[in-house]
Amino acid sequence: MVLKYIKEYVIMTLGLAVFVFGWTAFLNPHEITGGGIAGLASVIHYGINSIPVSYAKFAIDILLLVVGFIILGKGFGIKTIYCVAMSFVFFQFMPMIPGLTSLSAGITDNLINALIGGAMSGIGIAIIITQGGSTGGTDIIALSINKYKNISPGRIYLVCDSLIVMSILLVNDKTLADVVYGFVEIIAFSYAVDMFLTGSQQSVQTLILSEHNDEIAARLQTLSIEGNRSVKSVQWSTEGEKKMLMVVSRKSYSNDIVKTAKQIDPNVILMTVPVTAVYGIEGKNQ
């Protein structure tokens with residue numbers, strides 16, 4: 001149990017490092033804003049250069065944590081507090097690493113910097129989410145509003161991020177181009193989070209044509225991946241005298257399915273296609 005918690009915190013720390021790296025190496029050096037509290041802290045830093053991003057973000061995070069505890073109760077847990085504290089440490093000390101802030105100096109197109117920085121920060125946040133962590137921030141705003149108003153959190157995130165990005169216009173010498181770069185960062189961030197979190201969880205359908213389908217089906221039903229998890233379902237359909245084995249599983253299992261089928265029948269024919277939804281398997285939707 002202790003090792004499990006240590007592993008979770010190590011992975012969350014890695015996620016935080018990736019998240020802050022995206023901002024430190026690609027976004028902040030080119031004064032590109034984005035969504036979330038990191039984006040708001042960056043806008044404050046661009047407007048008042050004497051206030052570092054780390055202090056601005058930490059102050060806002062603490063304020064939102066207090067608001068969250070008052071409105072939502074003690075539901076955040078130690079992981080959120082840990083992530084807030086560690087993000088402050090990374091934002092404070094990562095810019096001091098020699099050559100890091102000038103890493104993207106050769107990339108003169110801010111569109112590319114926005115894409116890379118947004119994608120990296122998205123991957124970092126996704127890693128944190130997989131371990132049950134949260135950086136607080138706009139999550140707290142969304143949950144607090146949703147407690148009293150029937151407004152979807154997604155809509156609240158969109159409004160908050162849009163306002164943060166457009167606030168860059170309050171900073172001297174900033175133009176609509178900077179707003180566009182900010183929205184590019186949001187899109188790259190959101191896409192990276194979705195791809196990281198749902199890519200391996202997508203359902204796929206594998207069609208297997210073989211003279212040994214009975215044996216393949218029996219082997220797949222006992223296939224164990226990551227502990228006691230097994231392939232979700234094995235179904236049959238007939239066409240004349242031929243049998244086709246249809247396997248519905250998570251995308252992460254597809255390589256094991258192909259490998260197992262080929263071990264039994266080197267001449268097997270396999271076709272794998274993505275599916276958007278699966279109903280009626282163990283009473284759950286895929």
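Residues numbered from 1 in each chain as written. Predicted model: local features only at pLDDT ≥ 70, side-chain atom pairs only at ≥ 80, totals over all residues. Heavy atoms only, no water.

Asks: Would you mind going over the nonpolar core with me for this structure?
Replies: Within soluble globular proteins, side chains that are nonpolar tend to cluster in buried spots. Residues Leu16, Phe19, Val20, Trp23, Phe90, Phe91 and Ile128 are the most contacted members of the largest nonpolar core, which totals 23 residues. For this core, the secondary structure elements donating two or more residues are helix H1 (2-27), helix H2 (36-47), helix H3 (53-72), helix H4 (77-93) and helix H5 (110-130). Per-element accounting of this core gives the leading share, eight residues, to H1. Discounting chain neighbours no more than four positions away, the residues touching valine 20 are Ser87, Phe90, Phe91 and Met94. Counting 11 residues, the second-largest nonpolar core is a separate cluster that includes Leu220, Val247, Tyr253 and Ala261. (Core = buried A, V, L, I, M, F, W, Y, C linked by side-chain atoms within 4.5 Å. Buried < 20%, exposed > 50% of the residue type's maximum accessible area, 1.4 Å probe, protein only. Helix = DSSP H or I, 4+ residues; strand = E, 2+ residues; numbered from the N terminus. Contact = heavy atoms within 4.5 Å.)

Asks: Whenever I open this one, unusual backbone geometry confuses me. Can you help?
Replies: Of note, the phi angle at glutamate 31 is positive, near 55°, even though the residue is not glycine. Take glutamate 31: it is sitting in the loop between H1 and H2. Take glutamate 31: its relative accessible area is 33%, and that puts it in the partly exposed class. Phi at aspartate 173 takes a positive value of approximately 70°, unusual for a residue other than glycine. Here aspartate 173 is to be found in the loop between helix H7 (153-166) and helix H8 (176-198). Overall, the relative accessible area of 78% leaves aspartate 173 in the exposed class.

Asks: So what exactly am I meant to see when it comes to the packing of aromatic side chains here?
Replies: Any pair of aromatic rings gets described here by the distance separating the centres and the angle formed by the planes. The final tally for this structure, using the stated rule, is five aromatic pairs. Between phenylalanine 19 and phenylalanine 91, the ring centres sit 6.1 Å apart and the planes meet at 90°, which makes this aromatic pair edge-to-face. Taken together, the positions of phenylalanine 19 in helix H1 and phenylalanine 91 in helix H4 put the pair 72 residues apart, joining distant regions of the chain. Centre to centre, the rings of tyrosine 55 and phenylalanine 88 are 5.5 Å apart; their planes meet at 70°, and the pair counts as edge-to-face. Of this pair, tyrosine 55 sits in helix H3 while phenylalanine 88 sits in helix H4, and the two are 33 residues apart along the sequence. Through a chain of ring-to-ring contacts, three or more aromatic side chains come together here, namely Tyr55, Phe58 and Phe88. Over the aromatic face of tyrosine 46 sits the side chain of lysine 174, whose NZ or CZ is 5.6 Å from the ring centroid. (Phe/Tyr/Trp six-rings, centres within 6.5 Å; stacked < 30°, edge-to-face > 60°. Lys NZ or Arg CZ within 6 Å of the ring centre and 35° of its normal.)

Asks: Looking at this model, I keep getting lost on H2. Mind explaining?
Replies: Because each turn of an α-helix spans 3.6 residues, side chains separated by three or four positions end up pointing in the same direction. Taking 1.5 Å of rise per residue, the 12 residues of H2 would be expected to cover 16 Å, and the 17 Å separating its terminal C-alpha atoms lies within 8% of that figure. When you tally the buried positions in H2, you get nine out of 12 residues, the bulk of the element. When we look at burial in H2, the residues that qualify are Gly36, Ile37, Ala38, Gly39, Ala41, Ser42, Val43, His45 and Tyr46. (Expected span 1.5 Å × (residues − 1).)

Asks: Honestly, the pattern of salt bridges in this entry has me stumped. Any pointers?
Replies: When their charged atoms lie close together, side chains carrying opposite charge are able to pair. Following the criterion strictly, the structure yields four salt bridges and no others. Lysine 79 is paired through a salt bridge with glutamate 8; the nearest N and O atoms lie 3.0 Å apart. Of the two residues, lysine 79 is situated in helix H4 and glutamate 8 in helix H1; the sequence distance between them amounts to 71 residues. In this structure, lysine 79 and glutamate 8 share a single accessibility class: buried. Across the pair aspartate 61 and lysine 57 runs a salt bridge whose closest N-O atoms are separated by 2.7 Å. Of the two residues, aspartate 61 and lysine 57 both sit in helix H3, four residues apart, roughly one turn of that helix. Here aspartate 61 and lysine 57 have matching classes, each one buried. Among the charged side chains, a network of salt bridges with common partners joins Lys4, Glu8 and Lys79. (Salt bridge = Lys/Arg side-chain N within 4 Å of Asp/Glu carboxyl O.)

Asks: Would you take a moment to explain the environment of valine 18 for this structure?
Replies: Inspection of the secondary structure assignment puts valine 18 in helix H1. Taking C-alpha positions, valine 18 is 10.0 Å from alanine 119, a pair spaced 101 residues apart along the chain. The contacts of valine 18, once residues within four sequence positions are left out, are Met120, Ile123 and Gly124.

Geometry only, nothing functional implied.
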